[in-house]
Amino acid sequence: MTSRTGSAATEFNEILRFGPYRLDPAARELRRGDEEIAVPPKSMACLMYLIARRDRAVDRDELIEAIWGHSHLTDGALAQTILQLRKVLGDGEGTHFVKSVRGYGYRWAAETLVEKSADDDRMEPVPILAMQDAASHDAVPHSVAPTRNGSSYWRLAALLAVTLSVVGGIVWHLFGTRGDGATPSSPTVPNGLVLVLPVEVFDTGESDWVRLGVMDMISTRLRRSGLAVVPVETVLQLLRGHGDESPAERAKRLVKATGSRWIFSVNARSVEHRWSVSIRGLTEHGPIDALRGEASDVLQATHQAVDVLALTLGIPTGSAQVVGDPKLQLLLHRTRAAFLERRFDEALGLIEASPAELRIHPEMRILTARIRFDQRNLTLARELYEQLLNDPAAMRDPALVLRIRANLAATLASLGEVEEARAMMLDIVDRADGSQDPRAMASLTANLGVIAIGNGDRVAAWRYLMKAQRFLTGGGDILELAKLDLSMGSLQDQEDRPNESMRYLERARAGFDAIGNPRGSTRVRAAMIGAQLQLLDVPAAAAIEPMYLSMAASLPIGEDPSEAQTVLASLWRAQGKIAQSWANVDAVIADPAAGAKYHLAANSLRARWLVEDGGTTDQAIRAARAVTETEDAQRDGQLRAVVAEAWLAQIRAEIRLRRLDEAHRALGQFAVWPGRDDIPTTKAFLRLAQAEIADADGRLDEARTHYNEALQISDSSGTPRLILDVARSFVPWLLRQPGGAVEAMWVSDRLNVHHDRHYDAALIRLRVLQRNGPVASWRAALRVAESLAGERAIPAELLSAPTIATD
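Residue indices follow the written sequence of each chain, beginning from 1 at its first position. Owing to the predicted nature of the model, reporting of local features is limited to residues with pLDDT of at least 70; listing and counting of side-chain atom pairs is limited to 80 or more, with chain, interface and lining totals taken over all residues. Calculation of side-chain values draws on the structure's entire complement of heavy atoms; hydrogens and water are dropped beforehand.

### Here's the deal with the packing of helix α32 (residues 741-748) against helix α33 (residues 759-772)
For any two helices packed against each other, the geometry comes down to the angle between their axes and how far apart the axes lie. Selection rule: For helices, the fitted line uses only the C-alpha atoms of the stretch in contact; every axis is such a line through C-alpha atoms, and the angle between N-to-C directions lies from 0 to 180 degrees. Going along the chain from the N terminus, every DSSP run of H or I of four or more residues is numbered as a helix, and every run of E of two or more is numbered as a strand. Orientation is classified from the angle alone, with under 35 degrees giving roughly parallel, over 145 giving roughly antiparallel, 65 to 115 giving roughly perpendicular, and any other angle giving oblique. Note: crossing handedness is left-handed where the near helix turns anticlockwise from the far helix by less than a right angle, and right-handed where it turns clockwise. Pairs of residues are marked as contacts when any of their non-hydrogen atoms sit within 4.5 Å. Three classes are used: nonpolar for Ala, Val, Leu, Ile, Met, Phe, Trp, Tyr, Cys and Pro, charged for Asp, Glu, Lys and Arg, and polar for all others, with Gly counted as polar.
Direction vectors running N to C along α32 and α33 enclose 150°, while the axes themselves pass 10 Å from each other. One way to sum up the angle between α32 and α33 is to call them roughly antiparallel. The two elements α32 and α33 meet at a crossing, and its hand is left-handed. Along its contact with α32, which presents Ala741, Ala744, Met745 and Ser748, the element α33 presents Ile764, Arg765, Val768, Arg771 and Asn772. Residues belonging to the contact of α32 with α33 are distributed by class as follows: 5 nonpolar, 2 polar and 2 charged.

What follows is the structure in structure tokens.
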């Protein structure tokens, strides 16, 4: 344990101790001794933010922007949040923990001790998401449809299987000599990430496989010597589409993308049946001259060159033989080269044409199973992995057993046998030593985290994802980092935190785009459109649409078309493209091939829109019941907002029909639904339903109480979309009450900047100004609303000028 008085932002995998308290940021859990202390969500966010920046004072605007996601919150709301935090910490005077900085903001004042979470922390068992071997590239199991687990209808972007690490940047100049102009004769042992480039081959024979086979072999040798090496798949992804770069430009770009501190280029030359392999390095200390190996066999020449490199660097030589038998090595590397370029038929042909004694080696059988998995022949892949678990030769190597079992678990999950896969995955995590294969362990724990998100168990999800991050920190897996950021963004989205979600999604987008992963790039943009709609920033969401459409069109036919239809339906609705948005929703509902969760999301949209547009009320009730009466929807942790919205639409439709008994019956079911208090959206929607029924019953004081509770929930969440949902019901109600006009204006002011960029927010301002004036302001608000209306007609009652005195 160490003491830090100045620190960068605290990582989620650090346990913090101050005074009598222990804070686990990943679990968002504060304890005093053995007692867990309840902390309001915004107070917890402030606590974590201030501790992470305990080396300085934080001004009020920065804190408001970071926690609430906008800068127009009043200082009083922030002061109240800090007051609640101080009460929780028993620091009423603000002298021990959170100190006020007069005229500026706040500062964390307590001595804080930091310790890393134990890697062997026990976590609650949750299901897994299928993923093959940690070395697998961008193939993602299609039969496991993470895309269909979105936490709300406007964000059903894919949650890809994740095994990721944080990639750091560098601050030194890679391509030059040291400051004194000298070139070091013996560089220091590498203490950062190593990257090996594809081999440049000079050969008159048929040795195309050498380009990637030898690259893979060198990377493996260096990794076994204890170095952190960028995965071959990541390097190939980064090189794709950049064939016109100069070597210097290429190296600079790779360094920037991966954070590598060492880059090795290799060339292999065959002259008169004798191979020469040379390795050159660019390092932070300067270049390493060519280190050569020569032999009649290219693999043996490579081993010699790596041995010389190891001696030069002062590192262990690693395993000189990857699999022992030279013939087996040759077959393995030739097959791996074809596999890396996804030439599956060629790889299988090489294996099938080889002698039986080579084909039955465990390494070759694992590679065969992986190829079958990527070809979507899951049943055969499962059989191959199960056969390996009964092979005494394979069972002698613990690291090999780990890979086989992890891949079998992924295959089982892809086949839909999730419970069996989960049990196997948890057993591996409990038993395995992470040092055997950190990337495989990261794959296991990250997949557990992804499904924890789907189950709504966000505490477990954070812990699993952070554990995966620790396993892979510094590994240079840009694809895996992007997948992790997408999962983190989805997790923040599930907790109604669109600003935090966007931060992760932006990083995920940069990662997917850097390696040219079209599936990931498309799906993260879908999630970003949803997050921007949550922020009521329709122009920002619309700006993403062209690239999203272009990328979605490039995906294979049949690749989640319902995802695009659902995402775009919400965007087009916000833009006033009503006919298009309805067409998309109807298409999803009518499509038997669309996933069940897309059907639920589309029916929830249909119910809400029918109520909002004054459509057929009975149809709205049927659409809502298609969601609220579906057992899977009631249990699914990621459909909380969808279900709550359907309950609210159903109750509103019953009230419109004056079937108050039915409305009360639905409210009673909503009030005992397990997800009613899970996230701010579900809590606020329940309060809105209670308020609107109380109003229909004539219980106005009770209605006001519930409206104020809904407003407080939305304010605390800081989510603009939720504030708007509450204001759309509360403001008209206030305007109907004696003396409610001023309070309605106060509620409307919470939407501030959104009045100028979101139609529904513009209508709220127009409604308030029609009552309060002045006329000039009402006219300006009307012009804004008309500019945002699209195909929508401004309600007739809002077209009359204010009746108060003009300005």
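### Some thoughts on the sheet that holds strand β8 (residues 105-108)
Defined as follows: Here, a strand pair is defined by DSSP locating no fewer than two bridges between the strands.
With respect to topology, 3 strands assemble into an open sheet ordered β6-β8-β7, the strand pairing being antiparallel. Edge positions in the sheet fall to β6 (58-59) and β7 (98-101), since each of these pairs with one other strand and no more. As defined by bridge partners, β7 adjoins β8 across 4 bridges and the pair is classed as antiparallel. Counted as the bridge partner of Ser100 is Tyr106 from β8. Its contacts with the sheet put helix α1 (residues 41-52) on β6, β7 and β8, and the angle it makes with β8 is roughly 70°.

### A closer look at the pairing of β8
Pairing between β6 and β8: 2 bridges, direction antiparallel. Of the residues in β8, the one forming a bridge with Asp59 is Gly105. The turn linking β7 back onto β8 is made up of 3 residues, and Gly103 within it adopts a positive phi angle of 75°.

### Re the environment of Leu63
Test applied: Here's how the labels work: a residue is buried when its accessible area is under 20% of the maximum for its type, exposed when over 50%, partly exposed in between, all with a 1.4 Å probe on protein chains only.
Looking at where Leu63 falls in the secondary structure, it is placed in helix α2 (residues 60-68). Given the relative accessible area of 0%, Leu63 is considered buried. In sequence terms Leu63 and Gly105 are 42 residues apart; their C-alpha atoms lie 8.3 Å from each other. Residues contacting Leu63, with those up to four places away along its chain left out, are Cys46, Tyr49, Val58, Trp68, Leu78, Ile82 and Tyr106.

### Some details on the packing of aromatic side chains
We apply this condition: Side-chain rings of Phe, Tyr and Trp, where Trp is taken by its six-membered ring, are said to pair if the distance between their centres is within 6.5 Å; with planes under 30 degrees apart they count as stacked, over 60 as edge-to-face, and otherwise as tilted.
Scanning the entire structure with this criterion turns up 14 aromatic pairs. Note on Phe18 and Tyr21: the rings are 5.8 Å apart at their centroids and 40° apart in plane angle, and the pair reads as tilted. With respect to class, Phe18 is no different from Tyr21; both count as buried. Pairing Phe18 with Trp108 gives two aromatic rings, centres 4.9 Å apart and planes at 85°, and the pair type is edge-to-face.

### Digging into the pattern of salt bridges
For the record, the criterion: Salt bridge criterion: a side-chain nitrogen from Lys or Arg within 4 Å of a carboxyl oxygen from Asp or Glu.
The tally for this structure, following the rule as stated, stands at 49 salt bridges. When the shortest N-O distance is used, the salt bridge between Asp697 and Arg699 registers 2.6 Å. If you follow the salt bridges from partner to partner, you end up with Arg573, Arg608, Glu612, Asp613, Glu645, Arg721, Asp725, Arg728 and Asp760 in one network.

### Quick look at the packing of helix α20 (residues 518-534) against helix α21 (residues 538-554)
Running from amino to carboxyl end, α20 crosses α21 at an angle of 160°, the nearest separation of the two axes being 9 Å. Taken as axis vectors, α20 and α21 run roughly antiparallel relative to one another. Judged by the sense of rotation from one axis to the other, the crossing of α20 with α21 is left-handed. In this structure, α20 contributes Ser521, Thr522, Arg525, Ala526, Met528, Ile529, Gln532 and Leu533 to the contact, and α21 contributes Val538, Ala540, Ala541, Ile544, Glu545, Met547, Tyr548, Met551 and Ala552. Here the residues of the contact of α20 with α21 sort into 12 nonpolar, 3 polar and 2 charged.

### Thoughts on the confidence of the model for the protein chain
What counts is decided by this rule: The predictor attaches a confidence to each residue, and that confidence, scored 0 to 100, is pLDDT.
Model confidence for the protein chain is summarised by a mean pLDDT of 80, while 83% of its residues fall at 70 or above. Mean pLDDT across the elements of the protein chain ranges from a minimum in strand β1 (residues 2-3), with 38, to a maximum in helix α29 (residues 680-697), with 96. Within the model, pLDDT remains below 50 along residues 1-12, and this stretch shows 35 contacts once partners closer than five positions in the same chain are excluded. Considering only residues more than four positions removed or in separate chains, one finds that residues 117-188, a stretch of pLDDT under 50, has 274 contacts.

### Section: helix α27 (residues 640-656)
Residues spaced three or four apart along an α-helix face the same direction, because each turn holds 3.6 residues. Our working rule: Multiplying 1.5 Å by the helix residue count minus one yields the expected span of that helix.
Over its 17 residues, α27 extends 25 Å from the first C-alpha to the last, a length consistent with the 24 Å expected when each residue adds 1.5 Å. Judged by how many residues are buried, α27 sits mostly within the fold: 15 of 17 residues are covered. Following α27 by one or two positions, Arg658 adopts a phi angle in the positive range, close to 60°.

### So, the side chain of Thr368
The condition is simple: Pairs of N or O atoms are called polar contacts if they sit within 3.5 Å, as long as, within protein, a hydrogen donor faces a hydrogen acceptor (for residues adjacent in sequence, only side-chain-to-side-chain pairs).
By the secondary structure assignment, Thr368 is in helix α11 (residues 362-374). Within the structure, the side chain of Thr368 is placed 2.8 Å from the backbone oxygen of Met364, a separation counted as a polar contact. Setting aside residues up to four positions removed in sequence, Thr368 forms contacts with Leu348, Ile351 and Leu384.

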